[in-house]
Amino acid sequence: MLRSDGNREGETVGDNTSLSVDRRSYLKLAGVAAGSASMLSGAASAAFTRRGIKFKHTVDMVADAGCDPTGNEPCDSKIRNAADDHTLLKFPPGEYKITEKNVILRKTNLGFLGEGDVRFTVPKRYNEKMFVVEDGTGLLFENIDVDLRAAGATPGLHFGVDDDLEVHDVEYIGQGIHPNSDPRGGGNGNPDVTYGLYPIVRSPDGTGTVSNVVAKNDGLMGAYNHGDGRVGVWIGLSHKGTVTLKNCQFEGFPNNGLYCSRTGGAVQVEGGVFRNNDITQVRLSSSDSYVKNATITADFDNSNSPNPGDTLNSRGVRFEAGKFGYRGASVENCDITIASTPNSSGGVVVGSDGADHAVRNTRIKVDVDSIRGFYAKAPVGFGNRGPPPKPHTATLENVSVTGSASSADAIRIDQRDDSVVKGCCIDQNGGNRDGVRLVDSDGSKVVNSTIDVNGQRVVEDNSWVRTRNIDASGSCPTPNQGGGRLPHTLTIDGAGSRTNYSFSVSGSLEGTGALTPEDTISGSSARGAVGSGTDRYGFSGELVAFDLDGQANVTVDGQPAHVGQRPDHGLIIDGAGSRTDYSFSVSGDLKGSDAITPEDTISGSSARGVVGSGKDCYGFSGELVAFDLDGQANVTVDGQPARVGQQPDHMLTIDGVGSRTDYSFSVSGDLKGSDAITPEDTITGSSAQGVVGSGTDRYGFSGELVAFDLDGQANVTVDGKPARIGQRPDHALIVDGTGSHTDYRISVTGDLEGKELNRADSISGSTATGATKGGRDCYGFTGALVVLEVTGDATIYLDGERANPNDYFENVLTITGTGSRAEYTFSTSGTLRPTRANDATINSNDTRRGSTAIGQVGGGRDSYKFSGEITDSSLSGNAVAHLNGNEVQL
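Residues numbered from 1 in each chain as written. Predicted model: local features only at pLDDT ≥ 70, side-chain atom pairs only at ≥ 80, totals over all residues. Heavy atoms only, no water.

Caption draft 1: How the structure looks around the overall build of the chain. The number of helices and strands found in the chain is two helices and 84 strands. In terms of its C-alpha atoms, the chain occupies a principal-axis envelope of roughly 120 × 75 × 60 Å. Classification of the 890 residues of the chain by burial places 55% in the buried group. Here the contacts in the chain between residues at least 6 apart in sequence split such that 74% fall between residues at least 24 apart. Total accessible area computed for the chain in this model is approximately 34,300 Å², and 42% of it derives from carbon and sulfur atoms. Across the chain, 80 positive and 114 negative side-chain charges occur, with their mean positions spaced 5 Å apart. (Helix = DSSP H or I, 4+ residues; strand = E, 2+ residues; numbered from the N terminus. Buried < 20%, exposed > 50% of the residue type's maximum accessible area, 1.4 Å probe, protein only. Contact = heavy atoms within 4.5 Å. Areas by Shrake-Rupley, 256 points an atom, 1.4 Å probe, with all protein chains shown as cover. Lys, Arg positive; Asp, Glu negative; His and termini not counted. Charge placed at Lys NZ, Arg CZ, Asp CG, Glu CD.)

Caption draft 2: Seen up close, the pattern of salt bridges. Taken as a whole and assessed by the stated rule, the structure comprises 31 salt bridges. With a shortest N-O distance of 3.6 Å, Asp169 and Arg51 are connected by a salt bridge. Taken together, the positions of Asp169 in strand β12 (residues 165-173) and Arg51 in the loop between β1 (43-50) and β2 (53-60) put the pair 118 residues apart, joining distant regions of the chain. Under the relative-accessibility criterion, Asp169 is labelled partly exposed at 27%. Residue class for Arg51 comes out partly exposed when judged on its relative accessible area of 37%. Across the salt bridge formed by Asp662 and Arg660, the nearest N and O atoms sit 3.2 Å from each other. (Salt bridge = Lys/Arg side-chain N within 4 Å of Asp/Glu carboxyl O.)

Caption draft 3: Representation of the state of the cysteines in the model. In the structure shown here, the tally under the stated rule is two disulfides. The disulfide that involves Cys67 links it to Cys75, with 1.8 Å between the sulfurs. Handedness here is read from the sign of the S-S torsion; for Cys67 and Cys75, about 55°, the answer is right-handed. Take Cys75: its relative accessible area is 0%, and that puts it in the buried class. (Disulfide = S-S within 2.5 Å.)

Caption draft 4: How the structure looks around the environment of Pro204. Take Pro204: it is sitting in the loop between β13 (197-201) and β14 (207-216). Aside from chain neighbours lying at most four places away, what touches Pro204 is Lys240 and Gly241.

Caption draft 5: Quick look at empty space enclosed by the protein. Under the criterion given, the structure shown has three cavities of 30 Å³ or more. Estimates place the volume of the largest cavity at around 60 Å³. Around the largest cavity, the lining residues are Gly176, Ile177, His178, Ser181, Val193, Gly219, Leu220, Ala223, Gly229, Arg230 and Pro254. Residues that form the lining of the largest cavity fall into these classes: five nonpolar, five polar and one charged. The calculated volume of the second largest cavity comes to roughly 40 Å³. (1 Å grid on protein atoms, 1.4 Å probe; cavity = no way out; pocket = protein on both sides within 12 Å on 5 of 7 lines; lining within 4 Å. Points joined across faces, edges and corners; volume = space filled by probe spheres on them. Nonpolar A, V, L, I, M, F, W, Y, C, P; charged D, E, K, R; others polar.)

Caption draft 6: Main features of the packing of aromatic side chains. Taken as a whole and assessed by the stated rule, the structure comprises 32 aromatic pairs. Geometrically, the ring pair formed by Tyr582 and Phe584 is stacked, given 6.3 Å between the ring centres and 25° between the ring planes. Using a relative accessible area of 1% as the deciding quantity, one classes Phe584 as buried. Seen from their ring centres, Phe665 and Tyr699 are 5.0 Å apart, and the 75° between their planes marks the pair as edge-to-face. Pair noted here: Phe665 is in strand β59 (residues 661-667) and Tyr699 is in strand β63 (residues 696-701), with a separation of 34 residues, a long-range link. (Phe/Tyr/Trp six-rings, centres within 6.5 Å; stacked < 30°, edge-to-face > 60°.)

Caption draft 7: A look at the environment of Gly265. Mapping Gly265 onto the fold places it in the loop between β18 (258-259) and β19 (266-270). Expressed as a C-alpha distance, the spacing of Gly265 and Ser238, which sit 27 residues apart in the sequence, is 8.3 Å.

Caption draft 8: Quick peek at the sheet that holds strand β53 (residues 606-611). One open sheet accounts for four strands, arranged β52-β53-β50-β55; its pairing is antiparallel. Each edge of the open sheet carries a strand with a single partner, namely β52 (601-603) and β55 (624-630). This sheet shows a mean twist of 15° between the axes of neighbouring strands, independent of strand direction. Bridge count between strand β50 (residues 580-586) and β55: six bridges; the pairing is antiparallel. (Pairing = 2+ DSSP bridges. Axes fitted to C-alpha atoms, helices over the stretch in contact; angles between N-to-C directions.)

No statement about biological role is implied by the geometric values presented.
Take a look at the structure:
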């Protein structure tokens, strides 16, 4: 069915409209019993999960269902009969003939799995969807290729579910050219041609993943046919959830490679190659939709289509769909090249019905004259499409536009107030080429950019534009055009002896060539071994980290990978969709990949940032010391779970300046040392003391830094920020509850502050009272501890050492020797006993007779706790006496 604007709205079956009464009626007329029971129960087995979908039964489609694996007899009815709830249909190696549209409805957890080389074939001139699986939830289609090499065959796959759509490892083999298609839409009877893939998630909370799908259609260019020409992937109005296309490759379609702009659901394109499609390579619109880490190319001098000269408009990325109120998609970290084409309106184009969209960290190269790198058309609508919703701003951050194109502008923005061109780099020296042109776009800005063109750097056409920090020359990053499914190739060429390696990349990763079972891939990381052979990997993004144990020649795209200059480990924070804040610290060097955004910052060996549905990547040496995660994300180190829930939240770094410096500190939570500390550095509970010289000591901890005492010079930071140790107390006292109720009172001679207290705890001057049960109360203080009263069962720590409440009365008298022998005596009106308070010792030279103490000190210290008052005292020799921290005369 065509809309009045000439674009396809969708078929009665297989469009992206809701499953309506009319649609059900159509299915009934087509001979499909909606929700009919399967004629084959399948082999019962224990429940199992594949790709996150739970199954209870498996059916061998040859042994159990009777399909012909030679491709001579049709398999349609056998597949329909075997399809049932919680059932995985397994296809042994072979060819399976499909001759009609197979409609399967209302199934829960249905799977199609090819075991080995499995292909579905179709007859000549087959122009239908092979399968329409609809109106259920949980669908797997994996490792089954679609063979369209029969003359004039243009089959498609339609998968629509509420949730849990999984499509993986599918290749469309052959060219999809309908025999009656006519380039440029001319001729009589130009047909509607079936699209390649319709992945639909109907529930707003539902998700789907389409990965490693390859379709080198190599069709007729110019056969757009008013929207009825063949499309690679179509996602339209009834898609409400989120579908992610990972590492896919779509080439040579006459009506868009990915046509995913007529939907309010999210379409997230991650990695992959999209090349030489007519109209657009990737077409998006809605909020939360993006194309990221992809290679996008229009190079029709190297096209396999039979008529590349008839190409109508080979744009890289197009944003539109303001007609439906959709807005907000983005391009991130992509390589876009317009190398050769008869017609194109730009590398990235925002249509006249496109609202606000953004391009970030992306490299665009244009070698064809009069074609722009970025073009945001005036948001006025066209045809029956009204203007898009506001805002209309265009945002370009860290975008480069290079190449030899002349004439027109590298970047043009029309009627879009408050647009931003920031941190961009334009290096185009073709004749009559301007840099950035803003037309009727008041309040826009072009800042912190390099613009090297033969024409004007910034053209203000009836616009008031702020410009700042514009350089006239400089080199700009250029895109990698790639050659396969993923744009880059990593090669590890062994030198003969066994060499182990591990590495991580910021995008997608797959193995190619002669990998062995020793070589494994986990997400964006791999580890393996090479001897005299060669291991090869394809990847998108950048090489974040590489660790090599032995000798090998390692290259990226044929150039040295500089593995000895790279971090050893890769940390990847893969967002789950919602906003998640994180911070972490490592014990060595740290750097971020080009996948991190301006919200992500690095300070020394620490970083903090935000991730949503994307991925942040870091390379580091040493070990992961601390990680704090506020939200949901999958965090891995070298492809393995980082166990962030078991990591401390913060990192304390003590960076020496050369001379010996002693330190001690306490935290309110757990404490552990990194591999950088030495035997001189010790940890006791939540406290530590150590020595640093010209090196660096690092500790991970939870809670807060309660106290820090530094004797010397050092740079001390917490999570990369100054720890302000000169403003912190010298000592820490921790009341650690054991489960039963405990009341306590403490007094000190100096300043007192609390950490992580509750409503039962209070501080008045230098005294605190409180209660604890199973928790932990923490105090930092200066001076001396003079009162420690505890009623109940709790463990008390003073600077990491267990403190005995019996060592503290209301008063503490301390006599400190200066080196020579000094004798003392004093009496009190109450009780008296020796104590180890204030680091004192108790020895046989000191005696106590009732309420009188007689003793001597040399270079040490004696302390006594007592009640009442001192009634009599004397001191002979050189010593200093302190009562409750204040110096007194005896």
